[in-house]
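# Coordinate analysis (summary)
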Amino acid sequence: PLPAWLAFWCPMFAIAMGAVLVLTILKPALIGFTVLAVALAYWMRARIAWRLLPWMAPFRSVSQIEAAARRVKDSEPVAEPTTVVLKTRLPAIAGLARTAAWLGQDPSRLDIVSLIWEYLSFFFCIDGNVLLLAIRQVRRCQRELRDIAEVLGDLDAAISVASVRTGGAAWTRPTFVASSSTVEMSDLSHPLVSPCVTNSLTFGPSGVILTGANMTGKSTFLRSVGVNAVLAQSIGTVFASGYRAPWLTVRTCISPTDDLQAGKSLYQREAETVVSIVAQAANGPVTLCLFDELFRGTNSTDRIGASAAVFKYLAAGNPPCLVMAATHDLELVGVLGDRFCSYHFADRIAADRLEFDYCLRRGIAPSRNAVALLRL
C-alpha cells in the first residue's frame, strides 16, 4: 500500500491548483498570488516526486504483460488452455491496462505532447492521482492479473526449455522409479561441455568412488551427474540416452573455499557442509551426495579416516543415500571395501604432453600424473 498521506495529498494538490487557476481567471488582479502558489506547488511537487516514481515503474511491466497476453491470445489456437485463460481474464484488466500504459510511458520522451503532459502532470499531480486509481484497479483484478502472468510465465519457461533441448547435445526424458531402485544413466554428458565424451553409470544401493589422475575428468563427471539429476526433476530433460532414477535430493560438496570474512578455514567450511548434508539426509527422501576431494583442507590421515566414516554413514542411513565421491586417495577404495563400487578415469603420458580419453572404467586408477605435470 501507498503511505496513507499520499492518498489524501494527491487529490488535494490537484484540487488546490485547479482552484488557483480558476481564481486567476476570475480575478486577474490576483496574478501575484497565483505566481506564489505555483512556486510553492513546484517546490512541494519536487519534494514528493521521488516518492511516486518507485510506485509508477512496475506499471510499465503491467502494460507489457497485457500487450504480450493480447498478442498470444490472437496468435494461439482458440482451444488451447493458454488462449482460454487469456480470453476470459483479459477483459477484466482492460481498464488497468490503459492506466498502466499511461503510467508506464517512457520518461525520456521529448516530443511536444509528452512535454505538455509532463508539465500538466507536474502542476496538477496527474501522475499521483492516476497511480492511486491504478492501485485500486490492481486490488480489484489481482486474481486475473496473476493468472495472466502465470500463463505467460509458463509459456516463457516452455520456450526456454525448448531452446535448451535444441541447443545441440542429445537429450531424452527421464524415467522416475521407486526410491529403492538403482540409478541408471546411459551416455551421460555435461550440457555445457562441447564436444563431450559420454559415459554410462549404474549405481545404488552401494556408492561410487571415482579415482584418477589430475585433469582426467572426475570433477566434470560429478557435475554432469548432479546437473542432469536437477534438470531431470525440473524441466524433464536429461542430456543422455537414458535416465532411470528415484526422485532425488541433490547435495554437493564441490570446490568449497575458505571464508576470510567469517574467519572460517577450508576444512571448517567442508565440515559444516557435511553436517548439513547428514542432517538433511536423515529427514528427507533419497539424497544424492556428490563429494569432490572431501576434507582436502586437512592432513591425509585424517582426511581418509573422516571421509570413509562419512561415506559409510550416509550409505547405511535410513533412507540410504546415494554417495558418489571423487578422490586422489586410492587408500579409500580399500577402506570402503564392498560397500562402494570403484571407477576411474585414465590418462597417458606422451612424449611432450598428457593425453586423456575421458572414458569411465571400472576399478582403481592405475597411474598418477602430478610429477609428470610438474616436469612438463
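Report follows, based on the coordinates. (Residues numbered from 1 in each chain as written. Predicted model: local features only at pLDDT ≥ 70, side-chain atom pairs only at ≥ 80, totals over all residues. Heavy atoms only, no water.)

## Considering a nonpolar patch on the surface
Just so we agree on the cut-off: Here, patches come from residues exposed beyond 30% relative accessible area and free of salt bridges, joined within 9 Å for like charges and within 5 Å for nonpolar side chains (Val, Leu, Ile, Met, Phe, Trp, Tyr). In this description, accessible areas are obtained by the Shrake-Rupley approach with a 1.4 Å probe, and a residue is regarded as covered only by the protein chains that are shown. Criterion for a salt bridge: a side-chain nitrogen of Lys or Arg within 4 Å of a carboxyl oxygen of Asp or Glu. Think of it this way: any DSSP run of H or I at least four residues long counts as a helix, any run of E at least two long counts as a strand, and we number them from the N terminus.
Side chains of Ile-112, Val-113, Leu-115, Ile-116, Tyr-119 and Leu-120 sit close together on the surface and give an oily, nonpolar patch of about 580 Å² of accessible area. Examined against the element boundaries, Ile-116 turns out to sit in helix 6 (residues 112-124).

## Structural notes on the nonpolar core
Formally: To define a nonpolar core, start from buried Ala, Val, Leu, Ile, Met, Phe, Trp, Tyr and Cys residues and group those joined through side-chain atoms within 4.5 Å. Burial classification: accessible surface area is computed with a 1.4 Å probe over protein chains only, and a residue below 20% of its type maximum counts as buried, one above 50% as exposed, and the rest as partly exposed. Whether two residues are in contact is decided by their heavy atoms, any of which lying within 4.5 Å being enough.
Counting 30 residues, the largest nonpolar core has Phe-59, Leu-86, Ile-93, Leu-96, Leu-103, Leu-131 and Ile-148 as the members making the most contacts within it. Secondary structure elements with two or more residues in this core: helix 1 (4-26), helix 2 (31-56), helix 3 (58-75), helix 5 (94-103), helix 7 (126-140) and helix 8 (142-165). Not counting chain neighbours up to four residues away, the residues in contact with Phe-59 comprise Leu-96, Ala-100, Leu-103, Leu-131, Ala-134, Ile-135 and Val-138. Ranked by size, the runner-up nonpolar core spans 27 residues in total, among them Leu-201, Ala-245, Leu-322 and Met-324.

## A closer look at the packing of aromatic side chains
Filter applied, for reference: Any two rings among Phe, Tyr and Trp, with Trp reduced to its six-membered ring, count as a pair given centres within 6.5 Å; such a pair is stacked if its planes are under 30 degrees apart, edge-to-face if over 60, and tilted if neither.
All told, the structure shown has six aromatic pairs when counted by the stated rule. Relative to Phe-295, the ring of Tyr-267 has its centre 5.5 Å away and its plane inclined at 50°; by these criteria the two rings are tilted. Remark: Phe-295 occurs in the loop between strand 7 (287-292) and helix 11 (300-315) and Tyr-267 occurs in helix 10 (residues 266-281); sequence separation between them is 28 residues. Overall, Tyr-267 belongs to the partly exposed group, its relative accessible area being 33%. Ring centres of Phe-311 and Phe-340 lie 6.3 Å apart, and the angle between their planes is 45°; on these two criteria the pair is classed as tilted. Here Phe-311, found in helix 11, pairs with Phe-340, found in strand 9 (residues 340-349); they are 29 residues apart in sequence, far enough to count as distant. With a relative accessible area of 2%, Phe-311 lands in the buried category. An aromatic cluster is built from Phe-291, Phe-311 and Phe-340, whose rings are joined through pairwise contacts.

## With respect to unusual backbone geometry
Here the bond from Ser-194 into Pro-195 is cis, since omega is -5°, no more than 30 degrees from zero. With respect to the secondary-structure elements, Pro-195 resides in the loop between strand 2 (183-188) and strand 3 (199-203). A positive phi angle, close to 55°, is found at Glu-293, a residue other than glycine. Here Glu-293 shows up in the loop between strand 7 and helix 11.

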